[in-house]
Amino acid sequence: MERLRIDKWLWAARFYKTRSLATDEIDKGRVAINGQDVKPAREVKVGDTVAMRREGVTRTVVVKGVSDMRGPAPVAQQMYEETAESVQERQKSADQRRYAREPALSIENGRPTKRGRRELDAAKGWGDRWSASVDDPKK
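Nothing here was measured: the structure is a model prediction, and the numbers come from that model. (Residues numbered from 1 in each chain as written. Predicted model: local features only at pLDDT ≥ 70, side-chain atom pairs only at ≥ 80, totals over all residues. Heavy atoms only, no water.)

## Overview of the pairing of strand β6 (residues 57-63)
Move 1: As defined by bridge partners, strand β5 (residues 49-54) adjoins β6 across six bridges and the pair is classed as antiparallel. The residue bridging arginine 53 from the neighbouring strand is threonine 58, located in β6.
Move 2: Hairpin connection of β5 to β6: two residues between the antiparallel strands, including glutamate 55 at a positive phi of 55°.
Move 3: Where β6 and strand β7 (residues 80-82) come together, three bridges link them in antiparallel fashion. The residue of β7 that forms the bridge with valine 63 is tyrosine 80. (Pairing = 2+ DSSP bridges. Helix = DSSP H or I, 4+ residues; strand = E, 2+ residues; numbered from the N terminus.)

## Some details on the environment of tyrosine 16
Move 1: Its place among the elements puts tyrosine 16 in the loop between α1 (6-12) and α2 (19-27).
Move 2: For tyrosine 16, a relative accessible area of 6% gives the class buried.
Move 3: Each residue touching tyrosine 16, except ones within four places of it in the same chain, is listed here: Leu10, Trp11, Leu21, Ala22, Glu25, Val31, Met52, Arg54 and Arg70. (Buried < 20%, exposed > 50% of the residue type's maximum accessible area, 1.4 Å probe, protein only. Contact = heavy atoms within 4.5 Å.)

## Thoughts on the pattern of salt bridges
Once the charged atoms of two side chains with opposite charge are near each other, the side chains can pair.
Move 1: Counting across every chain of the model gives nine salt bridges.
Move 2: A salt bridge links arginine 19 to aspartate 7, with the nearest nitrogen and oxygen atoms 3.3 Å apart. Taken together, the positions of arginine 19 in helix α2 and aspartate 7 in helix α1 put the pair 12 residues apart, joining distant regions of the chain.
Move 3: Residue classification places aspartate 7 among the buried positions, given a relative accessible area of 2%.
Move 4: Note that aspartate 95 and arginine 98 form a salt bridge whose closest N and O atoms lie 3.0 Å from each other. Placement of the pair is aspartate 95 and arginine 98 together in helix α4 (residues 84-99), with a separation of three residues, close to one helical turn.
Move 5: Residue arginine 98 is classed as exposed on the basis of its relative accessible area of 53%. (Salt bridge = Lys/Arg side-chain N within 4 Å of Asp/Glu carboxyl O.)

## Examining the nonpolar core
Move 1: One finds Ile6, Trp9, Leu10, Phe15, Val31, Val50 and Met52 to be the most contacted residues of the largest nonpolar core, which totals 21 residues.
Move 2: Broken down by element, the residue count for this core peaks at four residues, all from α1.
Move 3: Contact partners of tryptophan 9, with chain neighbours within four places excluded, come to Leu4, Phe15, Val44, Val50, Val61, Val63, Gly65, Val66, Met79 and Tyr80. (Core = buried A, V, L, I, M, F, W, Y, C linked by side-chain atoms within 4.5 Å.)

## Overview of the pairing of β5
Every other side chain in a regular strand lies on the same face of the sheet, so the side chains alternate between the two faces.
Move 1: Taken together, the three bridges between strand β2 (residues 31-33) and β5 define a ladder with antiparallel strand orientation. Bridging from a neighbouring strand, valine 31 pairs with methionine 52 of β5.

## Considering the side chain of serine 86
Move 1: Mapped onto the elements, serine 86 comes out in helix α4.
Move 2: The buried category is assigned to serine 86, whose relative accessible area is 2%.
Move 3: Of the polar contacts made by the side chain of serine 86, one reaches the side chain of glutamate 82; its length is 2.7 Å.
Move 4: Beyond its immediate sequence surroundings of up to four residues, serine 86 is in contact with Thr58, Arg59 and Thr60. (Polar contact = N/O pair within 3.5 Å; in protein donor to acceptor, adjacent residues only side chain to side chain.)

## Some thoughts on the sheet that holds β2
Move 1: In space, the five strands of this open sheet follow the order β3-β2-β5-β6-β7, with antiparallel pairing throughout. Looking at the sheet topology across the chains shown, the edges are occupied by β3 (36-37) and β7.
Move 2: In this fold α4 packs onto β6 and β7, with an angle of close to 155° to the strand it touches most, β6. (Axes fitted to C-alpha atoms, helices over the stretch in contact; angles between N-to-C directions.)

Structure follows, in structure tokens:
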């Protein structure tokens, strides 16, 4: 076998769990072969460069083998080789996510949490009163 549809190859190489997921990603323009956007029926051959965008990171691999059968992960990893630039970019992105501040810590105002709501209710002194009009001192 010399050539294979890109959606089948991505599935067999275990980049996507199902062929339909691979097809959806290709249709969204997140997969390119040799720098060109492709359709799911585009054939891939040994030596082609496939670029995939997932979770904000572009992963670039060189096709080393073609198979239409989905096998175990070690066999699937022999079907491609990731480029050095891609590995470096993926590592940089992982480090950036690891050392980034938690976005929720920067929120000062906004909707209170459940704990914050309980503290607000306790501070207002509502206690077990069910209505604001009960025990109104104006009456």
